[in-house]
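Results of the structural survey
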Amino acid sequence: MSAISDVYPVLGLSIRSGSLELRGLTDDDLAALGALARRGVHPADRMPFYHPWTDAPVEEIPLGMAQYHWGVRARFSQAAWTLDLGVWVDGELVGTQGFSTTDYLVTRTGETGSWLGVEHQGAGIGTRMRQAMCAFVFDHLDAAEVTSGAFVDNPASVAVSHKVGYVDNGVSRKKRRGEVADHIAFTLTPEAFVRGEPIEVSGADAFRRLIGLDRA
Ligand SMILES: CC(C)(COP(=O)(O)OP(=O)(O)OC[C@H]1O[C@@H](n2cnc3c(N)ncnc32)[C@H](O)[C@@H]1OP(=O)(O)O)[C@@H](O)C(=O)NCCC(=O)NCCS
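Report on the accompanying structure. (Residues numbered from 1 in each chain as written. Predicted model: local features only at pLDDT ≥ 70, side-chain atom pairs only at ≥ 80, totals over all residues.)

Details of the overall build of the protein
Using the following cut-off: Think of it this way: any DSSP run of H or I at least four residues long counts as a helix, any run of E at least two long counts as a strand, and we number them from the N terminus. Both definitions apply: the radius of gyration is a C-alpha atom measure, and the globule rule equals 2.2 Å times residues to the power 0.38. In this scheme every C-beta is placed from the backbone, and a residue whose C-beta has 20 or more other C-beta atoms within 10 Å is buried, one with 12 or fewer is exposed, and one in between is partly exposed.
Of the regular secondary structure elements, the protein holds 7 helices and 9 strands. Here the protein has a C-alpha radius of gyration of 17 Å; the compact-globule value for 216 residues is 17 Å, and the two agree. Principal-axis analysis of the C-alpha atoms gives the protein an extent of 50 × 40 × 35 Å. Each of the 216 residues in the protein was classed as buried or not, and the buried ones make up 31%.

Let's talk about the site of the ligand
Where we set the bar: Working rule for contacts: place C-beta from the backbone, and if it is within 6 Å of a molecule or strand, that residue counts as near it. When residues are grouped by polarity, Ala, Val, Leu, Ile, Met, Phe, Trp, Tyr, Cys and Pro land in nonpolar, Asp, Glu, Lys and Arg in charged, and all others, Gly among them, in polar.
Around the ligand, a shell composed of 22 residues is seen, among which Pro48, Gly126, Thr127, Pro155 and Ala159 lie nearest. Broken down by secondary-structure element, the contributors of at least two residues to the shell around the ligand are β5 (109-116), α5 (125-140) and α6 (155-164). Among the elements that make up the shell around the ligand, the one with the highest residue count is α6 (6 residues). Its residues placed into classes, the shell around the ligand shows 12 nonpolar, 9 polar and 1 charged.

Some words on the nonpolar core
We apply this condition: Among buried residues, those of type Ala, Val, Leu, Ile, Met, Phe, Trp, Tyr and Cys that are joined through C-beta atoms within 7 Å form a set called a nonpolar core.
Among the nonpolar cores identified, the biggest contains 32 residues, and Leu22, Met129, Ala132, Met133, Cys134, Phe136 and Val137 are the most heavily contacted of them. Elements supplying a minimum of two residues to this core: β2 (20-23), β3 (82-89), β4 (92-100), β5, α5, α6, β8 (179-188) and α7 (204-210). With 8 residues, α5 is the largest single contributor of residues to this core. In terms of nonpolar packing, the next biggest core, distinct from the first, is built from 6 residues, Leu25, Leu36, Ile61 and Met65 among them.

Some points on unusual backbone geometry
Of note in this structure, aspartate 90 is not a glycine but carries a positive phi near 50°. You can call aspartate 90 exposed: it has 9 C-beta atoms within 10 Å. Phi is positive for aspartate 103, which is not a glycine, with a value near 50°. Tracing the chain through its elements places aspartate 103 in the loop between β4 and α4 (104-107). Given 11 C-beta atoms within a 10 Å radius, aspartate 103 is considered exposed.

Here's the deal with the packing of helix α2 (residues 27-38) against helix α3 (residues 61-75)
For clarity, the cut-off: Here, axes are lines fitted to C-alpha atoms. For helices the fit covers the stretch in contact, and angles between N-to-C directions go from 0 to 180 degrees. Comment on the angle field: the value is read as roughly parallel under 35 degrees, roughly antiparallel over 145, roughly perpendicular from 65 to 115, and oblique elsewhere. Two helices cross in a left-handed way if the nearer one is turned anticlockwise from the farther one by less than a right angle. They cross in a right-handed way if the turn is clockwise. Each residue gets a C-beta atom placed from its backbone, and two residues are in contact if those atoms lie within 7 Å.
In contact at an axis separation of 8 Å, α2 and α3 are set at 130° when each is read in the N-to-C sense. As the angle between them shows, α2 and α3 are arranged oblique. In terms of crossing hand, the pair formed by α2 and α3 is right-handed. Along the contact surface, α2 presents Leu30, Ala31, Leu33, Gly34, Ala35, Ala37 and Arg38, while α3 presents Ile61, Pro62, Met65, Ala66 and His69. Of the residues assigned to the contact of α2 with α3, the class counts are 9 nonpolar, 2 polar and 1 charged.

In structure tokens, the structure reads:
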């Protein structure tokens, strides 16, 4: 053991798809990610997130961002892990794509979640990064299903889920900024998955061992 990526193989994981790369976020990447989020993720009068982290005062967003990702690392376990990867396009950090699980060894399912800096939205990146993560979990982590969710008034997120092949799986009433808002659940199976460009993965073997799929 000599590198932190040996200890925490998320930092050795890379998923490439054309000009897109999803990979583990180092502490320096977290600083860049915080600066990106601080520049804006959505209009102030909207709230796309179930956990409204962008409602924090803007000067607190970079530290909150780092603390969230440190928390993901700190809580990582085979019983409940989240893979939150940074997303780069032509080498520029543009956002994150996550996959969050509970009891994955039994359930073989997880929930995708993502965001892009506002200047990178609406150009097809959100679709490509979701396709890359879904291809990774189906092809390299033996996933049986992927879920997602979005408020009904988030047409970009809903459109990405539908384009990638997720089907609607019910609407529930959630509290958002003190008021009720309808939230749609989505489910994706390998058969329905609409693939994008092929992916090239490195570091999958160590990650599989980390989550208990293969013994060392
Ligand atoms: C959601 C998000 C990740 C999607 O990424 P993106 O790169 O913007 O999405 P894409 O460009 O790949 O696709 C967006 C689709 O939504 C469609 N869309 C966007 N606004 C729309 C609207 N008002 N009505 C209907 N469709 C809309 C686009 O037309 C596009 O579909 P198309 O390619 O078939 O035309 C990104 O917009 C984002 O980060 N938003 C803010 C944070 C967020 O909402 N995160 C998800 C929380 S559930």
